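Commentary on secondary and tertiary structure
Next come the chains, spelled out residue by residue.
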Amino acid sequence: NAGVTQTPKFRILKIGQSMTLQCTQDMNHNYMYWYRQDPGMGLKLIYYSVGAGITDKGEVPNGYNVSRSTTEDFPLRLELAAPSQTSVYFCASSYEGETEAFFGQGTRLTVV
Amino acid sequence: EDQVTQSPEALRLQEGESSSLNCSYTVSGLRGLFWYRQDPGKGPEFLFTLYSAGEEKEKERLKATLTKKESFLHITAPKPEDSATYLCAVHGYGGATNKLIFGTGTLLAVQP
């Protein structure tokens, strides 16, 4: 099984550019999450979804947007990249709130 | 507001020197408390799920316990390969707490 797949693995953006981080899971999970992790820090929740068509803000949503049109896909959109968005981004999914989340390999984003 | 606090931030042990990591949490209704291990440059890897006070789970040198306010990850006779960041997360019930949030982690270094 592929599990949770994130693309790209690395990306350098210029200030003001836009991009979409892709996340796909093949486990038929209901819950999907986007986190960012800054050096030496834990995971901060950006956005999450409890099912197709439903999304909600996490702790640090400013500067990001998401959509969940299918169960499998949960893309994260950065509209106007800023240096403060330099971070490692992780996508995760779980079947329900009581079950463990599985993580992708991460996307390392640098905004210059 | 849901909150997860981990201590210590960093811990250095000699091989064979047992210790415990702490995770204090506040959540309005606990669906699950999760422990993850994260190695540098990788996504978190699931270790344990605990659901109710008094529950314990064990895996090799690791044992996780849960009370109504905190969880402990006990490491018995650690080896250098146990060196990693250990993350604690909670998932609450319904509404604004129906999401998975993480603590900042404990960076464990086990020296030979």
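The structure we're discussing is the one just above.
These remarks concern the structure in this document.

Structural notes on the overall build of chain A
- Scanning chain A from N- to C-terminus turns up zero helices and eleven strands.
- Along chain A, helices and strands appear, N-terminal first, in the series β-β-β-β-β-β-β-β-β-β-β.
- Overall size of chain A, expressed as C-alpha extent along the three principal axes, is 40 × 25 × 25 Å.
- Considering chain A as a whole, with its 112 residues, one finds that 46% of them fall into the buried category.
- Long-range pairs, those at least 24 residues apart, make up 54% of the contacts in chain A between residues at least 6 apart in sequence.
- Accessible area of chain A: about 5,200 Å², with a carbon and sulfur share of 52%.
- The average position of the 9 basic charges and that of the 10 acidic charges among the side chains of chain A differ by 14 Å.

Overview of the overall build of chain B
- Helix and strand counts for chain B stand at zero helices and eleven strands.
- The order of helices and strands in chain B, counted from the N terminus, is β-β-β-β-β-β-β-β-β-β-β.
- Since a compact globule built from 112 residues should have a radius of gyration of about 13 Å, the 14 Å found for chain B is in line with a globular shape.
- With respect to the three principal axes, the spread of C-alpha positions in chain B is 45 × 30 × 20 Å.
- Put simply, chain B has 112 residues, and 49% of those count as buried.
- Taking as baseline every contact in chain B between residues at least 6 positions apart, the subset at least 24 positions apart corresponds to 55%.
- Just so you have it, chain B exposes about 5,400 Å², and 50% of that area is on carbon and sulfur atoms.
- Computing the positive centroid from 12 side-chain charges and the negative centroid from 14, chain B places the two 4 Å apart.

Some thoughts on the sheet that holds strand 3 (residues 19–26) of chain B
Residue and element names in this part refer to chain B.
- Strands sit in the order 1-3-8-7-6 across an open sheet of five strands; the sheet is antiparallel. The open sheet has two edge strands, strand 1 (3–7) and strand 6 (56–59), and neither has a second partner. The mean inter-strand angle of the sheet, taken between neighbouring strand axes irrespective of direction, is 15 degrees.
- As judged from the five bridges shared by strand 1 and strand 3, these two strands associate in the antiparallel manner. The residue bridging T5 from the neighbouring strand is S24, located in strand 3.

Examining the interface of chain A and chain B
- Taken together, the contact between chain A and chain B spans 20 residues of the former and 23 residues of the latter.
- Taken together, the two surfaces of chain A and chain B that pack against each other cover about 1,700 Å², and 54% of this comes from carbon and sulfur.
- Of all residues in chain A, A:L43, A:E98 and A:E100 bury the most surface against chain B, accounting for 28% of the area lost on that side.
- Here chain A and chain B share two salt bridges between them.
- A:E98 is the salt-bridge partner of B:R31, the closest N and O atoms lying 3.0 Å from each other.
- Put simply, chain A and chain B have eight residue pairs in polar contact (both at pLDDT 80 or more) between them.
- Elements supplying a minimum of two residues to the side of chain A that touches chain B: strand 4 (31–37) and strand 5 (43–51) of chain A.
- Its residues placed into classes, the side of chain A that touches chain B shows eleven nonpolar, six polar and three charged.

Brief notes about the sheet that holds strand 7 (residues 64–66) of chain A
Residues and elements named next belong to chain A.
- Strand order in the open sheet made by the four strands is 1-3-8-7, with antiparallel pairing throughout. Two strands bound the open sheet, and with one partner strand each, they are strand 1 (4–7) and strand 7. Neighbour-to-neighbour, the strand axes of the sheet open up by a mean angle of 20 degrees, direction not taken into account.
- Of the strand pairs in this sheet, strand 1 and strand 3 (residues 19–25) are connected by four bridges, and their pairing is antiparallel. What sits directly across from T5, in strand 3, is T24.

Some words on the pairing of strand 11 (residues 106–111) of chain B
Residue and element names in this part refer to chain B.
- A one-sided burial pattern is seen for strand 11, the buried positions being T106, L108 and V110 and the unburied ones L107, A109 and Q111.
- Bridging between strand 2 (residues 10–14) and strand 11 involves five bridges; their strand directions are parallel. In the strand pairing of strand 11, L11 is matched with L108.
- Bridge analysis of strand 9 (residues 84–92) against strand 11 gives three bridges, and the strand direction is antiparallel. Looking at strand 11, one finds that Y86 is bridged to T106.

Rules of the game
- Residues numbered from 1 in each chain as written.
- Chains lettered and ligands numbered in written order.
- Predicted model: local features only at pLDDT ≥ 70, side-chain atom pairs only at ≥ 80, totals over all residues.
- Heavy atoms only, no water.
- Helix = DSSP H or I, 4+ residues; strand = E, 2+ residues; numbered from the N terminus.
- Buried < 20%, exposed > 50% of the residue type's maximum accessible area, 1.4 Å probe, protein only.
- Contact = heavy atoms within 4.5 Å.
- Areas by Shrake-Rupley, 256 points an atom, 1.4 Å probe, with all protein chains shown as cover.
- Lys, Arg positive; Asp, Glu negative; His and termini not counted.
- Charge placed at Lys NZ, Arg CZ, Asp CG, Glu CD.
- Rg over C-alpha atoms; globule rule 2.2 N^0.38 Å.
- Pairing = 2+ DSSP bridges.
- Axes fitted to C-alpha atoms, helices over the stretch in contact; angles between N-to-C directions.
- Buried area = accessible area lost by both parts, 1.4 Å probe.
- Salt bridge = Lys/Arg side-chain N within 4 Å of Asp/Glu carboxyl O.
- Polar contact = N/O pair within 3.5 Å; in protein donor to acceptor, adjacent residues only side chain to side chain.
- Nonpolar A, V, L, I, M, F, W, Y, C, P; charged D, E, K, R; others polar.

Keep in mind that these numbers describe shape and distance, not what the molecule does.
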